[in-house]
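Structural features, examined
The lines below spell out each chain.
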6 protein chains.
Amino acid sequence: MPKVYITRREVFSAAHRLFNPDWNDEKNEDVFGKCNNYYGHGHNYTLEVVVTGEPNPETGYLLDLKILKKIIRENVISKIDHKHLNFDVEFLKGKNPTAENIAIGIWNELKGKIPSGKLYSVKIYETENNYAEYKGE
Amino acid sequence: MPKVYITRREVFSAAHRLFNPDWNDEKNEDVFGKCNNYYGHGHNYTLEVVVTGEPNPETGYLLDLKILKKIIRENVISKIDHKHLNFDVEFLKGKNPTAENIAIGIWNELKGKIPSGKLYSVKIYETENNYAEYKGE
Amino acid sequence: MPKVYITRREVFSAAHRLFNPDWNDEKNEDVFGKCNNYYGHGHNYTLEVVVTGEPNPETGYLLDLKILKKIIRENVISKIDHKHLNFDVEFLKGKNPTAENIAIGIWNELKGKIPSGKLYSVKIYETENNYAEYKGE
Amino acid sequence: MPKVYITRREVFSAAHRLFNPDWNDEKNEDVFGKCNNYYGHGHNYTLEVVVTGEPNPETGYLLDLKILKKIIRENVISKIDHKHLNFDVEFLKGKNPTAENIAIGIWNELKGKIPSGKLYSVKIYETENNYAEYKGE
Amino acid sequence: MPKVYITRREVFSAAHRLFNPDWNDEKNEDVFGKCNNYYGHGHNYTLEVVVTGEPNPETGYLLDLKILKKIIRENVISKIDHKHLNFDVEFLKGKNPTAENIAIGIWNELKGKIPSGKLYSVKIYETENNYAEYKGE
Amino acid sequence: MPKVYITRREVFSAAHRLFNPDWNDEKNEDVFGKCNNYYGHGHNYTLEVVVTGEPNPETGYLLDLKILKKIIRENVISKIDHKHLNFDVEFLKGKNPTAENIAIGIWNELKGKIPSGKLYSVKIYETENNYAEYKGE
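Now for a description of the structure that goes with this document. (Residues numbered from 1 in each chain as written. Chains lettered and ligands numbered in written order. Predicted model: local features only at pLDDT ≥ 70, side-chain atom pairs only at ≥ 80, totals over all residues. Heavy atoms only, no water.)

1. Some details on the interface of chain F and chain E
- On the side of chain E, 23 residues touch chain F, which itself brings 23 residues to the contact.
- It is Tyr39(F), Asn44(F) and His82(F) that lose the most area in chain F upon contact with chain E, and together they represent 34% of the buried surface on that side.
- Linking chain F to chain E there are four salt bridges.
- Between Arg9(F) and Glu128(E) there is a salt bridge, with its nearest N and O atoms 2.8 Å apart.
- Along the contact surface separating chain F from chain E lie 19 residue pairs in polar contact (both at pLDDT 80 or more).
- Elements with a minimum of two residues in the side of chain F that touches chain E: β1 (4-16), β2 (41-53) and β3 (83-84) of chain F.
- With five residues, β1(F) is the single largest residue contributor to the side of chain F that touches chain E. (Contact = heavy atoms within 4.5 Å. Buried area = accessible area lost by both parts, 1.4 Å probe. Salt bridge = Lys/Arg side-chain N within 4 Å of Asp/Glu carboxyl O. Polar contact = N/O pair within 3.5 Å; in protein donor to acceptor, adjacent residues only side chain to side chain. Helix = DSSP H or I, 4+ residues; strand = E, 2+ residues; numbered from the N terminus.)

2. Points about the side chain of Asn44(A)
- Looking at the element boundaries, Asn44(A) is found in strand β2 (residues 41-53).
- At a separation of 2.7 Å, a polar atom in the side chain of Asn44(A) contacts the side chain of His43(B).
- Among the polar contacts listed, one links the side chain of Asn44(A) to the backbone oxygen of Glu126(B), at a separation of 2.9 Å.
- Residue contacts for Asn44(A): discarding those within four places in its chain leaves Phe12(A), Ser13(A), Tyr125(A), Glu126(A), Gly42(B), His43(B), Asn44(B), Glu126(B) and Thr127(B).

3. What about helix α3 (residues 99-110) of chain F?
- Its 12 residues give α3(F) an end-to-end C-alpha distance of 17 Å, which sits within 8% of 16 Å, the value for a rise of 1.5 Å per residue.
- Of all 12 residues in α3(F), 11 are buried; the element is thus mostly enclosed.
- When we look at burial in α3(F), the residues that qualify are Ala99(F), Glu100(F), Asn101(F), Ile102(F), Ala103(F), Ile104(F), Gly105(F), Ile106(F), Trp107(F), Glu109(F) and Leu110(F).
- Those residues of α3(F) that are buried lie in contact with β1 (4-16) of chain D together with β2, α2 (65-80), β4 (118-125) and β5 (130-134) of chain F. (Expected span 1.5 Å × (residues − 1). Buried < 20%, exposed > 50% of the residue type's maximum accessible area, 1.4 Å probe, protein only.)

4. A word on the relation of the copies chain F and chain E
- With an RMSD of 0.0 Å, the fit of chain F onto chain E corresponds to turning through 180° and sliding 0.0 Å along the axis. Here the copies are linked by what is in effect a two-fold axis.
- Take the interface residues of chain F: 100% of them recur as interface residues in chain E, which is what a same-surface contact looks like. (Least-squares fit on C-alpha atoms with pLDDT ≥ 70 in both.)

5. With respect to the environment of Lys111(E)
Residue and element names in this part refer to chain E.
- Within the secondary structure, Lys-111 sits in the loop between α3 (99-110) and β4 (118-125).
- The spatial distance from the C-alpha of Lys-111 to the C-alpha of Thr-7 is 15 Å, given a sequence separation of 104 residues.
- Among the polar contacts made by the side chain of Lys-111, one reaches the side chain of Asn-108 at a distance of 3.3 Å.

6. Digging into helix α2 (residues 65-80) of chain D
All names here are of chain D.
- Maximum bend of α2: about 45°, positioned at Arg-73.
- Within α2, burial applies to Leu-65, Leu-68, Ile-71, Ile-72, Asn-75, Val-76, Ile-77 and Ile-80.
- For α2, the N-terminal cap is Asp-64; the gap from its side-chain oxygen to the backbone nitrogen of Lys-66 is 3.0 Å.
- Backbone geometry just after α2 places His-82 at a positive phi near 60°. (Bend = angle between axes of the 7 residues up to and from the residue.)

Scope: geometric values only; no functional claims are made or implied.
This is the structure in structure tokens:
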């Protein structure tokens, strides 16, 4: 049976501030620069979730993308869209909300929830120029 | 002499919260919904500034786009990028930071600063699906 | 009061076939070429709806884009998305579904339904290279 | 010798309907929902074909992308563009035209036809949010 | 009869160098900066041509976009694609190839050639951030 | 510790001409076609640089993308932007500037300069339809 990869793209809008609470203001400013602005700033994040496996011969689907969309919206988008990542998001509590940590956090929210095939990659575009990807490695 | 239109696109990242301080929480929640989240959320805003006028016959430029870029960065981007629009931006003080009000605010920051031609339009893309434009009308 | 323009972008997927039932097959083939394929072909159409007017001073909105989105989905997308434009869409009955006619048809569906401001433009992107716009002129 | 990957992007427009002829209408409707519309709907599909191998030291090309474009147009685009995938496309006969099956079908059309390097991946974007990829695994 | 606007997008790749032959090297360097590099640099230019008029009731077309594409390719793309704008392009001879002058030059190449409707706008994107538009004003 | 991949996108504009100096004009014309135009043509090249490794637990960064941006600008963009690739770029001397060779050349400029994690991929988009990638294999 052939193995395929399917991707669902979703977009969410969130605020964040980068800082390490164990450091003083000066060191935070030095390391995180303008990303350390006290009240935060924000992004339209683009999320791409890739699932891999064999298509079902009866449907031709590895996993109906309408179902994958529903899983992502229930487990991720509903918790993160129109939120401030430092205050409002349970699965990022205690993490500095870098693109790297958001990708890892979303992977952990999704990993037991894919009904057919298996989770292959979570990619976060913070801007059109900056992205991070996590593959569970 | 021919009349042309030139456009410079810039991108900035900011947080905002929509609410009216004269209203109670319930009315704010009712009108602004998820955009009223207490700590705010955020966007990668795309800004397009259009200038119109006649090209200079010696340069072929209406206005060198490197100069327009510098004007926009000094007068707008430096004040608004990586900021929270409700707390950090002088020219939006007392305004609800909707896309409409951001476009009008940026127009006012730029209008006396264009050295050749005249300001024609300021367009703000809040997401890939939602935009506002102001032409000084 | 300032006048602004706001835009909502929506996407829908539909099949269509270009032909004129008053012509024979040869003339249809000659005029419409590959767009005349008997069973039809299809597109991901991008729709941009522009509304113009003055922002409400209490909200900063000309018209909440969440409301405009709801109006477009109820009056247009629900009737046209995942349909065959020659068979399934009441408001295109008897029209050849060119981008021009789709834009005019959508304008007519929306024109009495905008609660604040007024409809300014309907733009249809048939592909990334081909668009049509109607402004009620 | 270094190993590189080159990609050619092409776009085609086609109609399709998702259903399984072994199922009754109710089950097809239940599984495929709006994608099961009787007359079909359609998409602007984006196709990306990746070839891998070593560049020729005399040309600096792994494979001239003008040649790859010609191969894709002759073997795929000419058979699939402006068609209805359920009726008009020989290489999809008897297959439910999901993005997964289209990617596998295109791989099979191309696999013996690449004159230098070897076929590495075929990716199909059905919409800006939904993609499928096949790598011959 | 309704009036519509149709747009055809085309892409071409060209080299150019900005300078004024009446000036010395120092002044050219001062005004044009890195765009004055002796051997030139280059862009993937995106061209958008807009035509306006009334659709033909028999076809639903203002002007078949396949015909507009053919007109643009014969009159513009064949003369400008894969060329150096300072040396190879007759209609830019003696002009500094700024985006403004390219847009005006293309307008002049197209203006007598549109068989139905009339030319409304020529837009040139030099990069994703810099554009110029000419409307024959 | 989890392993992530981060990407920085940059854009540069350059001219180039494809030819092999060991061949006569006829053979160059035959192999490279319009890409062999004597004065060259040009592109807006998009560059994507991917770095892989483990995020630092104190910052949540694998490598601050502002630092990666600075490294790419100092080592690549400053040498290649607004240049003619056949005449002005030291690291492409003696190479035919195909997308394949540009990707390999940029990899070699960057490979010893990444302060944390390691270089994983260099991707060059010559146009929206043609790309090359090199992973140091």
